[in-house]
Amino acid sequence: MRIAVCGLGRAGSVLVRKILTDGRDQLCCVVCRDESGTAGQDAGSVIGMRELKIPVVPVSAAAEELCNRKVDVVIDFSNKNTTLKIAEICADASISMVVCTTNFEKEELQELKEIGMRSLRGMVYAPNLTIGINLLMEFVARISRLLPDFDFEIIERHAKEKKKVTTTAELIAECINRKDVPISSVRLGGYVGVHEVTAANKFQRLTVVHESFSREAFADGALMAAGYIINKTGYHEMSDVIKELEKEHV
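Asks: Whenever I open this one, the sheet that holds strand β10 (residues 205-212) confuses me. Can you help?
Replies: Across a sheet, paired strands are connected by hydrogen bonds in the backbone, their directions being either parallel or antiparallel. Pairing in this open sheet of four strands is mixed, and the strands run β8-β7-β9-β10 from one edge to the other. Edge positions in the open sheet fall to β8 (183-187) and β10, since each of these has one partner strand only. On average, each strand axis in the sheet is tilted by 15 degrees relative to the strand beside it, whichever way the strands run. Contacts from helix α7 (residues 167-176) reach β7 (151-158), β8 and β9 (193-200), with the element oriented near 165 degrees to β7.

This is the structure in structure tokens:
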């Protein structure tokens, strides 16, 4: 695949390094927000590697760059404002897209869906990139259906700068489908991401836990989603990627 990465934060940088070191796909360029100090620099230099002649371009100049470099798919790890801009560009240029950005408001997510649906190529909305967290959500949804008398609680652990309640925790609560599922947030240095769901009644308790040890787990999920969407159209979610993966292993 010919890939462009949007956003050079921690997850985006890990993804760029993985694409470059694995050698299975080609990194064509990196897109940043217009006000970023990385605009105009070399992507390899920005992430501490040798100079690679791979440009970092601002989103306002991305349309021409993506087309000139014949990009197949954009993987987005930026922020919601930049995401909506690059999504419009991808839709207009018929480029596939994987959206890994979180924290969208309801109206913004609806706008993103509409962009994905009108594109001649496909879009995957993937705020929960790892296979493990998607399986956890399937498990807790089933537990909630089968054990209606059980109470549920979610505990998530992240690094200190992560927002108080993450999109992932909110989506897990939606899968449980109960009113006012408590979510406790632990913010300490060293965590990449832990989500723990406990279900209990008076007689027994069940706990399901998923932990990411490295952001490379997010990079793996992003590349899997990119491979899924490359020949599809319309709006998709990470659950669709997992379903196709299951079919391959049946």
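Asks: Can you help me understand the environment of asparagine 128 in this one?
Replies: Relative to the assigned elements, asparagine 128 resides in the loop between β6 (122-125) and α6 (131-146). Residue classification places asparagine 128 among the buried positions, given a relative accessible area of 5%. Considered as a pair, asparagine 128 and phenylalanine 218 are 90 residues apart in the sequence and their alpha carbons are 8.3 Å apart. Residue contacts for asparagine 128: discarding those within four places in its chain leaves Ile133, Asn134, Met137, Thr168, Leu171 and Met238.

Asks: I would appreciate a short explanation of the side chain of histidine 210 in the present structure.
Replies: Take histidine 210: it is sitting in strand β10. Of the polar contacts made by the side chain of histidine 210, one reaches the side chain of threonine 130; its length is 3.5 Å. Residues within four places of histidine 210 in sequence aside, it is in contact with Thr130, Gly132, Ile133, Leu136, Gly193, Val194 and His195.

Asks: Explain the side chain of glutamate 156 to me, please; I cannot follow it from the model alone.
Replies: Mapped onto the elements, glutamate 156 comes out in strand β7. Given the relative accessible area of 0%, glutamate 156 is considered buried. A distance of 2.9 Å separates polar atoms of two side chains, one belonging to glutamate 156 and the other to arginine 187. For glutamate 156, the residues in contact, after removing those within four places along its chain, are Lys164, Val165, Thr166, Ala169, Ser184, Ser185, Val186, Arg187, Val194 and His195.

Asks: Got a minute to help me understand the nonpolar core in this structure?
Replies: Looking at soluble globular proteins, one finds that nonpolar side chains tend to be buried together. Residues Leu15, Ile75, Phe77 and Val98 are the most contacted members of the largest nonpolar core, which totals 32 residues. For this core, the secondary structure elements donating two or more residues are β1 (2-6), α1 (10-22), β2 (26-32), β4 (73-76), α8 (216-229) and α9 (238-248). With seven residues, α8 is the single largest residue contributor to this core. When residues no more than four places from it in sequence are discounted, the contact partners of valine 98 are Val73, Val74, Ile75, Asp76, Val124, Ala126, Ala222, Ala225, Ala226 and Ile229. In this structure, Cys29, Leu84, Cys90 and Tyr235 belong to the second largest nonpolar core, which totals 26 residues.

Asks: Explain the environment of arginine 187 here, please?
Replies: Counting through the fold element by element, arginine 187 comes out in strand β8. Under the relative-accessibility criterion, arginine 187 is labelled buried at 15%. Residues within four places of arginine 187 in sequence aside, it is in contact with Glu156, Arg157, His158, Ala159, Lys160, Lys162, Lys163, Lys164, Val165 and Thr166. At 3.3 Å, the side chain of arginine 187 forms a polar contact with the backbone oxygen of lysine 162.

Asks: How should the sheet that holds strand β3 (residues 56-58) be read in this particular structure?
Replies: Here seven strands make up an open sheet; going across it, the order is β3-β2-β1-β4-β5-β6-β11 and the pairing parallel. Each of the sheet's edge strands pairs with one partner strand only, and the pair in question is β3 and β11 (234-237). The average angle at which neighbouring strand axes cross in this sheet is 20 degrees, direction not considered. Where β1 meets β4, four bridges bridge the pair, whose relative direction is parallel.

Asks: Would you take a moment to explain the packing of α6 against α9 for this structure?
Replies: Geometry of a packed helix pair, given as the angle between the helix axes and the separation of the axes. For the pair α6 and α9, interaxial distance at closest approach is 10 Å and the crossing angle is 95 degrees. For the element pair α6 / α9, the angle class is roughly perpendicular. Of α9, the residues touching α6 (which contributes Ile131, Asn134 and Glu138) are Met238, Ser239, Ile242, Leu245 and Glu246. Tallied by class, residues from the contact of α6 with α9 come to four nonpolar, two polar and two charged.

Each value, and the rule that gives it
- Residues numbered from 1 in each chain as written.
- Predicted model: local features only at pLDDT ≥ 70, side-chain atom pairs only at ≥ 80, totals over all residues.
- Heavy atoms only, no water.
- Pairing = 2+ DSSP bridges.
- Helix = DSSP H or I, 4+ residues; strand = E, 2+ residues; numbered from the N terminus.
- Axes fitted to C-alpha atoms, helices over the stretch in contact; angles between N-to-C directions.
- Contact = heavy atoms within 4.5 Å.
- Buried < 20%, exposed > 50% of the residue type's maximum accessible area, 1.4 Å probe, protein only.
- Polar contact = N/O pair within 3.5 Å; in protein donor to acceptor, adjacent residues only side chain to side chain.
- Core = buried A, V, L, I, M, F, W, Y, C linked by side-chain atoms within 4.5 Å.
- Parallel < 35°, antiparallel > 145°, perpendicular 65-115°, else oblique.
- Nonpolar A, V, L, I, M, F, W, Y, C, P; charged D, E, K, R; others polar.

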